[in-house]
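Analysis of the macromolecular model
Listed below, chain by chain, are the residues.
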Amino acid sequence: MALLEQIDKDYIAAYKAKDDVKKAVLRHLKTAVKNQMVEVGRELNDDEVLDLVAKQIKQRKDSIEQYTNAGRQDLADKEAVEVEALAGYMPPELSEEELTAAIDKAIADVGATSMQDMGKVMQSIMQAYKGQVDGKTLSGLVRSRLSS
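Residues numbered from 1 in each chain as written. Predicted model: local features only at pLDDT ≥ 70, side-chain atom pairs only at ≥ 80, totals over all residues. Heavy atoms only, no water.

**Examining the layout of surface pockets**
In this structure, the largest pocket encloses a volume near 650 Å³. Around the largest pocket, the lining comprises 22 residues; the ones closest to its centre are Ala54, Lys58, Val133, Asp134 and Gly135. Breaking the lining of the largest pocket down by element, the ones donating at least two residues are helix 3 (46–69), helix 6 (118–128) and helix 7 (135–147). The element contributing the most residues to the lining of the largest pocket is helix 3, with eight residues. Residues of the lining of the largest pocket, tallied by class, amount to eight nonpolar, four polar and ten charged. (1 Å grid on protein atoms, 1.4 Å probe; cavity = no way out; pocket = protein on both sides within 12 Å on 5 of 7 lines; lining within 4 Å. Points joined across faces, edges and corners; volume = space filled by probe spheres on them. Helix = DSSP H or I, 4+ residues; strand = E, 2+ residues; numbered from the N terminus. Nonpolar A, V, L, I, M, F, W, Y, C, P; charged D, E, K, R; others polar.)

What follows is the structure, encoded as structure tokens:
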């Protein structure tokens, strides 16, 4: 089943179950998908929908950080619940060992020797493991690998 079909199905289930949080999160996601479809002028594939889900999760994580810094734990908790609802559509993240192995392989494949090659390594991994890698974590690990 396509990811977009799964989102539609889950939205209907959340609506029937009166799950207001999930219903609202999926409504926002469906709106983002429709806006993107209008922008590109065609149906989106699963990778493009996955990118939108990742973007929504990132926005909410940024909001959590801002709310926490502002002392609004109630709003941060609400955003955390929304992140949890969206996380179900993402593939499982790579473990530390898998990520380290992917970095080593990408460095060898790209032929990276210095920090100037960091972008190539990052791009290679982000494309190969779409949605499975946190950019901040990856950046730190690649930086430490290339600088040593």
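**Digging into the environment of Glu65**
Structurally, Glu65 is set in helix 3. Residue Glu65 is classed as partly exposed on the basis of its relative accessible area of 45%. Remark: the alpha-carbon pair of Glu65 and Ala76, spanning eleven residues in sequence, is separated by 7.5 Å. (Buried < 20%, exposed > 50% of the residue type's maximum accessible area, 1.4 Å probe, protein only.)

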